[in-house]
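Here are the chains, one letter per residue:
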Amino acid sequence: MNHIKFQSDRELDVIAVGRLGIDLNPNEINRPLEESMTFTRYVGGSPANIAVATSRLDLKTGFIGRVADDQFGRYITSYLKENNINTDGIVVDDSGAKTGLAFTEVKSPSECSLIMYRYNAVDLKIEPKDISEEYIKKSKAIVISGTALAASPSREAVFLALEYARKHGTVVFFDIDYRPYTWKSEAETAIYYTLAAEKSDVIIGTREEFDTIEHLTNPENKDDAVTAKQWFDFNAKIVVIKHGKEGSYAYTSEGEKIRGVVFPVIPLKTFGAGDSYAGAFIYGLINDFDIAKAMEFGAGSASIVITTNSCSESMPTVSQIKDFIATAEKE
């Protein structure tokens, strides 16, 4: 039993909302970024990665967001189409805003970092008028990412999308995706994350990300059960709290606590783990897996992606995840 009821008559399975960007990953790994000479370009951004993940898993996937009116914008849109992602919700921005760039650094499997270029980032230019009620009504679920809440008008657009989703019985997944450099203060983050979480059916984040949400209201709390319980008074049915190598825990509105399995692998980098986990977890729930199995699918997908040098391009298929789970060691 997965506790989530999806509308079976929808044209799309899931629509991701928010950030579309470019990742520039070094080809020379295990060295500082200043020593990296060449980079490979990928589509990036948490919602984009999740959309690619769900599409690779054969879910009918759509996207709502803005792209720049330039070569990078056209590349992103083309990549989404090549990956069978519906782009009816993509708007080409004519304000001169640019695509956000992320240069990744892989010093070692445990030392990974990002340099972000997000001045006048086009993904934060999405407006309420870009949000189609009919488009959201066509989908079983939407997935929103925390970065899209960091500034206006993107913030208002996301909250309108949430209202349409609740109105039409479209399940809301909230991937917290906290990026400190995007926000003005922890207080601002806590307030808007709280408002979004109150409207969400499934909330997914790390322990540290949930600490950010509780920054104002319960700053001393480190108890996952206490964290999860507060959202069940609103719309949440499942809250997933991740603890890195220690694994993840899912709490349900019916009082269950489920520990996810851990697959010990030697990572190449840490990027992409959360997005691949979310995509496979969403796939599992939409396909009526029980929560433990959906979490296992998420963990398997994440373990595959972190052993590669890319995020979006490395999102696995259903058969690849099944093969990995069948042969991998578990903890």
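This text goes with the structure placed above it.
Residues numbered from 1 in each chain as written. Predicted model: local features only at pLDDT ≥ 70, side-chain atom pairs only at ≥ 80, totals over all residues. Heavy atoms only, no water.

### Examining the overall build of the protein
Which entries qualify depends on this criterion: Working definition: helices are DSSP H or I runs of at least four residues, strands are E runs of at least two. Numbering for both runs from the N terminus. Note on definitions: a residue-residue contact is assigned when non-hydrogen atoms from the two residues lie within 4.5 Å. Here the accessible surface of atoms and residues is derived via Shrake-Rupley with a 1.4 Å probe, and residues count as covered only by protein chains that are part of the display. When charges are counted, neither His nor the chain ends are considered; positive counts come from Lys and Arg and negative counts from Asp and Glu. We put the charge of a Lys on NZ, of an Arg on CZ, of an Asp on CG and of a Glu on CD.
A tally of helices and strands in the protein yields 10 helices and 13 strands. Expressed along its principal axes, the backbone C-alpha trace of the protein runs to roughly 50 × 45 × 40 Å. Sequence separation of 24 or more characterises 71% of the internal contacts of the protein that already satisfy a separation of 6 or more. When the accessible surface of the protein is summed, it comes to about 13900 Å², and 49% of that surface belongs to carbon and sulfur atoms. The average position of the 36 basic charges and that of the 48 acidic charges among the side chains of the protein differ by 3 Å.

### Things to note about helix α9 (residues 291–305)
Because an α-helix completes one turn every 3.6 residues, residues spaced three or four positions apart along the sequence face the same direction. Applied cut-off: In a helix, the anticipated span is given by 1.5 Å times the number of residues less one. Categorising residues by exposure relies on relative accessible area from a 1.4 Å probe, with only protein chains included: less than 20% of the type maximum marks a residue as buried, more than 50% marks it as exposed, and the intermediate range marks it as partly exposed. Whenever a nitrogen or oxygen atom comes within 3.5 Å of another N or O atom, the pair is scored as a polar contact, on the condition that within protein one atom can donate a hydrogen and the other can accept it, and that pairs from neighbouring residues in sequence are kept only if both atoms are in side chains.
The end-to-end C-alpha distance of α9 is 21 Å, a good match for the 21 Å that 15 residues give at a rise of 1.5 Å each. Counting buried positions along α9 yields 13 of 15 residues, so the element is predominantly enclosed. For α9, the N-terminal cap is Asp290; the gap from its side-chain oxygen to the backbone nitrogen of Ala292 is 3.2 Å.

### Regarding the side chain of Thr87
Position of Thr87 relative to the elements: it lies in strand β5 (residues 85–93). The exposure class assigned to Thr87 is buried, which follows from its relative accessible area of 15%. Each residue touching Thr87, except ones within four places of it in the same chain, is listed here: Thr77, Leu80 and Lys81.

### With respect to the packing of helix α8 (residues 273–286) against α9
Packed helices, taken two at a time, are described by the angle their axes make and the gap between the axes. So the rule is basically this: Angles run from 0 to 180 degrees between N-to-C directions of axes, and those axes are lines fitted to C-alpha atoms, restricted for helices to the stretch in contact. By convention the crossing between two helices is left-handed if the near helix lies anticlockwise of the far one by an angle smaller than a right angle, and right-handed if it lies clockwise. Each residue receives one of three labels: charged for Asp, Glu, Lys and Arg, nonpolar for Ala, Val, Leu, Ile, Met, Phe, Trp, Tyr, Cys and Pro, and polar for the others, Gly being one of them.
Viewed as axis vectors pointing N to C, α8 and α9 meet at an angle of 145°, and their least axial separation amounts to 7 Å. Crossing geometry of α8 relative to α9 is assigned as right-handed. Where α8 abuts α9, its residues Ala273, Ser276, Tyr277, Ala280, Phe281, Tyr283, Gly284 and Leu285 lie against Ile291, Ala294, Met295, Phe297, Gly298, Ala299, Ser301, Ala302 and Val305. A class-by-class count of the residues in the contact of α8 with α9 yields 13 nonpolar, 4 polar and no charged.

### Concerning α8
Look at α8: 20 Å from first C-alpha to last across 14 residues, which is about the 20 Å you get at 1.5 Å a residue. With 12 of 14 residues buried, α8 lies mostly within the body of the structure. A positive backbone phi angle near 65° is found at Asp288, which sits one or two residues after α8.

### Observations concerning the packing of aromatic side chains
Convention followed: Note on ring pairs: Phe, Tyr and Trp rings are taken, using the six-membered ring of Trp, and paired if centres are within 6.5 Å. Classes follow the plane angle, with under 30 degrees stacked, over 60 edge-to-face and the rest tilted. We call a charge positioned over a ring when the NZ of a Lys or the CZ of an Arg lies within 6 Å of the ring centre and within 35 degrees of the ring normal.
A complete count under the given rule lists 14 aromatic pairs for this structure. When the ring of Phe39 is compared with that of Phe103, the centres are 5.4 Å apart and the planes differ by 90°; the resulting orientation is edge-to-face. Here Phe103 lies in strand β6 (residues 101–108) and Phe39 lies in strand β3 (residues 39–44), a separation of 64 residues in the sequence. According to the relative accessible area criterion, Phe103 is partly exposed, its value standing at 22%. Seen from their ring centres, Tyr283 and Phe289 are 5.7 Å apart, and the 90° between their planes marks the pair as edge-to-face. For the pair formed by Tyr283 and Phe289, the shared burial category is buried. Clustering of aromatic rings is evident, with ring pairs tying together Phe174, Tyr178, Trp183 and Tyr193. We note Arg41 situated over the ring of Tyr75; from NZ or CZ to the ring centre the distance is 3.6 Å.

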